[in-house]
Amino acid sequence: MDLILGLACDERAYPDFPGDAEGALHAAVVGPSGLTDILEVQLGLTGPRGAEAVRIAAYAAKLRAAAAVNGAPFYAASFVRDPWATAKALLGWRDQLIAAGWRGEAIGSPRLDDLARAESAGPSLPAGSPDRLCAVLTALSDRPAVTVDHIRLVEPRQVLPPPYRRLVDQLERCGTVIGQVSVSGSANDTDLRNVQTFLATGSPETLRGDASFMTVEADTALMAAEALAEWLAAGTEEELAGTVVVSCDGDTALLDRALQARGLPALGLSAASPWRGALQVLPLAFAASWAPFDAKALLDLLLLPRPPIGRSAARKLARALAREPGTGAAAWDRAWADLDADLAQRFADHPTAEAEISRRRDRWREWTTGGLYNRLDGIPADAARRIATRVGQWAIETDAGGGDPLLLTVAGAASALTQAIDVLGQDPLPALLVERMIEQVLAEGAQNPEHIATAGGLRCVKTPAAIWGPVDRLIWWDFKGPGDRVPTPPWSQAEIAALIDTGCELEAPAAAAARIGWGYANALHHTQTRAMLIRPALSAGEETVSHPLAHQLNPLLQPAGGKIRWTAERLLEDAAHDLAGRRLPRELAAIVSPPQALARWALPASAVAKLAGRKESATSFERLADCQMRWMLLDVLRLSRGRFSEIPGPDQLLGNLAHEIANRVLQPGPVADAEEVLRQVDAVFDTLLSAIAAPLQQPEFAGELAAARTRVPAALAELARLLRQKNLEVVGTELDREAAFPDGLDVLGRLDLVVRHQTHGTGVIDLKWTRSANRRRTELAEGRALQLATYGAIADPAAGAPAPGAYYLLNQRRLIGPTGAFVADEEIEASRSLADTWIDLMETWRAWRDLAVQGVALGTGLPQAADHFPADLGVSPGEAPCRYCELTSLCRVTQEAN
């Protein structure tokens, strides 16, 4: 067997295999991991491999066992605070030592001796890459026969890390012929040749600008991708062969879009990410199991592209959760009742319908309403295993043998987590520890399974050191810093000296830096014809920095200036460009003006037909009074922005909580005194908080919740005092009312609080949780309290006149209403009464409705709309009707800059 060995060749390498033929037999390009695999098979050393999370868990158990015996090892304080992170860091140190030749024995150095004691304590440690390498080296020391005839090294032998240099030496003693990959750069007297000479000798020569070596700069990665795709498209299909793209960030998604738009093959390099949809099931399943209940985590779980329960069931539960964030509210119970009805209908003809329905319901409830565990006290190990096992089973069942890489990654991560919990031997498991473990099992993430390379001559590698053969054209995509970092050794000079005395050879930082620098220059040394280095000034929204190779080349690049530098934005200016030996033709794009703002819109007959049988509400009246177009689109045509489900903000949650508490404590009949109301609020506060406003229990809302615990009871006690002072009785809370008015006007609404006075009759109080009283005071003063007017009109349909009304501002504990309203404690001088406001509102509705029937809708926020207003508007649009409108881009009140 003939091998090419390169430190970066465990991933994509170029060329793909040795030789000039279309394939190779008994030959391969391998990296350290690949070579170790081959030797393990030949030496009979294969065996099961533990996940890194399992190794960290085992090492944490070893450290704990060693600390229990030793008393105070150097890592004791860190281990108490964060055992997982400490074990992970120390395992990295230990693996570095094992690879360097340390045998796990005490050598008279305190820290190293503490690690030596951990080696012999606790459970056995699953073998990692350094352990496997050492096992291979030990087996090779007996000089067995191996069928690796030749190895050609990509890196010079002297720059290999010590462990792999020892491996190469051992193989050579076993009869393997060790050689070096030949490097043949540009044969012509070109700028590229001068660059290669400079990198090899340090002798600078003037660059002439012959297009053999170019740097391309762009303001953004998008413009850089456009420029590179244009350059590749300007060449022939034959010229694609031998063109290699280096993409150090491991993701060519942006570039591939530009390539495929021009009919070029995609490179298909995808960065592994732990944030892909299916991979989130595991962390979200645990996040939804911590107390206090995290409604956001459960909502995210239900809204995943592939939720762990049926999609229809997930949607219904998500809607309920968004409406009332908690798992004990009426909306949640109604959603489960709907699911039970759906299951009963689905399995009506099933021979074991009851058992199947019960099985599915129990499984769904386990995902959504399982146990809740305190974050500090931790989750029992058995419960954590059950969650991990459930996630793994879901992934396997969902995959159903299809080989979906994301689902298989989830299954593997869940299995690794279960094993790690077993090996760790800790019970219970604090939240921080569980989150660390989940982070570790998902650390490698998964590539985008939809992003694949397509057939063609283009090739792509992740690192420049993965190029080991001649390259006709080299393109270094995303040529930006900071580059690979030189690892900082954690050992003192005394510890290093002690290790050297025992035959343990650690790589010096200078040697690692030299190897990294060699890898940067390697790609250019293998280039035959042309090289382009492409750097965007901005990448992913952040400013980039220069690559270390750019600093190294600066003595050549700076004097050459514009001769070898080209900016991608030129493509937007001129009709043709010359870049790296190719002409890039461009066509002038016609600039089309966007649609202009339009005040008067013609409605189709189908839209007008929607007006029949409509029932208005206080909210639709407010929209109508400000903008007929908004009312038409949102209320009549039911246009939605498409936002599916989201947890309300803290202000809305506090308002909902206060309303529901008021609904519980303000029962029909005489009002209880303030002390009794405080007692009742205290009795239901926490129950309702968990049921409908659980997000307020999260740490980020601690301030709001602490204020609410004081303000809500005080607000309701003050409301009770005011109601008793005014001799008002409660008719009901959250009352649904509907009334019919002349000209086909039907109105419905839900009233927060309806009261009755023995003499004055019925009154309406609208509860508001707001940061400031100014808006509601202004509404009353200007006669635009449309909600109060509407609620008053429908409060008692049998009455001949609208009921008086007032706002109760919970946060400010103020009961405000227009002058003369018997329900108000603080009277506001209003330009018109609520009764007059209702009359004007009906006239306004009639005018806008009639205009819509005629097929016309007006965007009232536009200046020219006033010319088309109906003459008899009782309530004119506000001063800034578009301030809170979500449709401004539709009627183009706000124009985007060209």
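Basis of the calculations
Residues numbered from 1 in each chain as written. Predicted model: local features only at pLDDT ≥ 70, side-chain atom pairs only at ≥ 80, totals over all residues. Heavy atoms only, no water. Helix = DSSP H or I, 4+ residues; strand = E, 2+ residues; numbered from the N terminus. Buried < 20%, exposed > 50% of the residue type's maximum accessible area, 1.4 Å probe, protein only. Contact = heavy atoms within 4.5 Å. Areas by Shrake-Rupley, 256 points an atom, 1.4 Å probe, with all protein chains shown as cover. Core = buried A, V, L, I, M, F, W, Y, C linked by side-chain atoms within 4.5 Å. Phe/Tyr/Trp six-rings, centres within 6.5 Å; stacked < 30°, edge-to-face > 60°. Lys NZ or Arg CZ within 6 Å of the ring centre and 35° of its normal. Patch = residues over 30% accessible without salt bridge, like charges linked within 9 Å, V, L, I, M, F, W, Y side chains within 5 Å. Salt bridge = Lys/Arg side-chain N within 4 Å of Asp/Glu carboxyl O. Lys, Arg positive; Asp, Glu negative; His and termini not counted. Charge placed at Lys NZ, Arg CZ, Asp CG, Glu CD. Pairing = 2+ DSSP bridges. Right-handed = clockwise from strand over helix to strand, strands pointing away. Axes fitted to C-alpha atoms, helices over the stretch in contact; angles between N-to-C directions. Expected span 1.5 Å × (residues − 1). Arc of directions from axis to C-beta. Polar contact = N/O pair within 3.5 Å; in protein donor to acceptor, adjacent residues only side chain to side chain. Parallel < 35°, antiparallel > 145°, perpendicular 65-115°, else oblique. Nonpolar A, V, L, I, M, F, W, Y, C, P; charged D, E, K, R; others polar.

Secondary structure summary: the chain contains 32 helices and 24 strands in total. A buried classification covers 49% of the 898 residues belonging to the chain. In the chain, of all internal contacts separated by at least 6 residues, the share reaching a separation of at least 24 is 75%. When the accessible surface of the chain is totalled, it reaches about 41,800 Å², and 50% of it is carbon and sulfur.

What follows is about the nonpolar core. If you look at the biggest cluster of nonpolar residues, it comprises 94 residues, and the most contacted ones within it are F286, I379 and L417. Per-element accounting of this core gives the leading share, 11 residues, to helix α18 (residues 405-424). When sequence neighbours within four positions are dropped, the list of residues in contact with I379 reads F286, W290, Y373, A384, I387, D427, P428, L429 and V434.

A few words on unusual backbone geometry. Glycine aside, residues mostly have negative phi angles, and peptide bonds mostly take the trans form. A cis amide bond links A291 to the next residue, P292, at an omega of 0°. Assignment of secondary structure puts P292 in the loop between β7 (290-291) and α13 (295-302). Look at the link from D427 to P428: it is a cis peptide, with omega at 0°. Within the fold, P428 resides in the loop between α18 and α19 (431-441). A positive phi angle, close to 50°, is found at E734, a residue other than glycine.

Our focus in this paragraph is the packing of aromatic side chains. Tallied over the full model, the rule gives 10 aromatic pairs. Note on F74 and Y75: the rings are 5.4 Å apart at their centroids and 80° apart in plane angle, and the pair reads as edge-to-face. Note on Y75: relative accessible area 2%, which makes it buried. Their ring planes at 80° and their centres at 5.8 Å tell us that F621 and W838 sit as a pair that is edge-to-face. A residue pair is termed long-range when its members are at least 10 positions apart, and F621 in helix α24 (residues 618-626) and W838 in helix α31 (residues 834-853) qualify at 217 residues. With respect to class, F621 is no different from W838; both count as buried. A network of ring pairs unites the aromatic residues F74, Y75, F79, W93 and W491 as a single cluster. In this arrangement the basic side chain of R375 is found over the ring face of W290, its NZ or CZ atom lying 5.9 Å from the centre.

This brings us to a positive patch on the surface. Together, R311, R315, R319, R323 and R334 make up a region of like positive charge exposed at the surface. Tallying contributions element by element places helix α14 (residues 311-323) first for the positive patch, with four residues. With respect to the secondary-structure elements, R315 resides in helix α14.

Summarising the sheet, strand β3 (residues 150-153) and strand β4 (residues 177-180) pair through four bridges and their orientation is parallel. In the sheet register, L153 faces β4, and the bridge partner there is Q180. As a crossover connection, the stretch from β3 through helix α7 (residues 162-173) into β4 is right-handed.

Our next topic: the sheet that holds strand β1 (residues 2-5). Across the sheet, four strands lie side by side as β2-β1-β3-β4; this open sheet has parallel pairing. Looking along the sheet, the strands with just one partner apiece sit at the ends: β2 (27-30) and β4. Along the sheet, successive strands turn relative to each other by an average axial angle of 20°, direction set aside. Sheet strands touched by helix α1 (residues 32-43): β1, β2 and β3. Its angle to β1, the strand with the most contacts, is close to 150°.

Next up on the list: the pattern of salt bridges. The tally for this structure, following the rule as stated, stands at 57 salt bridges. In this structure, the salt-bridge partner of D382 is R385, at a minimum N-O distance of 2.5 Å. On the criterion of helical spacing, the pair formed by D382 and R385 is a turn pair, its members being three residues apart in helix α17 (residues 381-399). Exposure remark for D382: the relative accessible area of 49% places this residue in the partly exposed category. Here D578 ties to R583 by a salt bridge, and the two come within 2.7 Å at their closest N and O atoms. A network of salt bridges, in which partner residues are shared, links E52, R55, R94, D95, E119 and D131.

So, on to α1. If you check α1, its first and last C-alpha atoms are 16 Å apart, about what 12 residues at 1.5 Å a residue would give, namely 16 Å. Among all positions in α1, only P32, G34, L35, T36, I38, L39, E40 and L43 are buried. Tucked into the core, α1 has its buried residues touching β1, β2, α6 (129-140), β3 and α7. The positive-phi residue at the C-terminal boundary of α1 is G44, with phi of around 70°.

This next bit is on the environment of N188. By secondary structure assignment, the location of N188 is in the loop between β4 and α8 (191-201). It is 8.7 Å that separates the C-alpha atoms of N188 and T529, two residues lying 341 residues apart in sequence.

Position of R132 among the secondary structure elements: in helix α6. A sequence separation of 87 residues divides R132 from D219, and the C-alpha atoms of the two residues are 47 Å apart. Dropping the residues within four chain positions of it, R132 is found in contact with T36, D37, E40, R49 and A127.

Before going further, it helps to examine α24. Those residues of α24 that fall on the buried side of the exposure criterion are A618, S620, F621, L624 and A625. With its buried residues spanning 155° around the axis, α24 presents them on a single face. Summarising the contacts, the buried residues of α24 are in contact with β17 (615-616), α25 (628-636), β19 (745-757), α30 (786-795) and α31.

With that settled, the discussion passes to the side chain of R530. For R530, the location among the structural elements is in strand β11 (residues 527-539). Among buried Asp, Glu, Lys and Arg side chains, R530 stands out as unpaired, with D210 the closest opposite charge at 6.6 Å. Of the polar contacts made by the side chain of R530, one reaches the backbone oxygen of A211; its length is 2.7 Å. A distance of 3.3 Å separates the side chain of R530 from the backbone oxygen of A580, its partner in a polar contact. Not counting residues within four places of it along the chain, the set of residues in contact with R530 comprises L192, A211, S212, W231, D472, R473, L474, A580 and G581.

Turning to the packing of α25 against α31, a few remarks are in order. Remark: α25 packs on α31, axes separated minimally by 11 Å, with the N-to-C direction vectors making an angle of 70°. In terms of axis orientation, α25 runs roughly perpendicular to α31. Between α25 and α31, the contacting residues are Q628, W631 and M632 on the first element and W848, L851 and A852 on the second. The residue makeup of the contact of α25 with α31, split by class, is five nonpolar, one polar and no charged.

Next up on the list: the side chain of D752. Note that D752 resides in strand β19. One buried charge, D752, has no salt-bridge partner; the nearest side chain with opposite charge is K768, at 5.8 Å. One polar contact links D752 to H659, side chain to side chain, over a distance of 3.0 Å.

In short, the description is geometric, and any link to function would need to be established separately.
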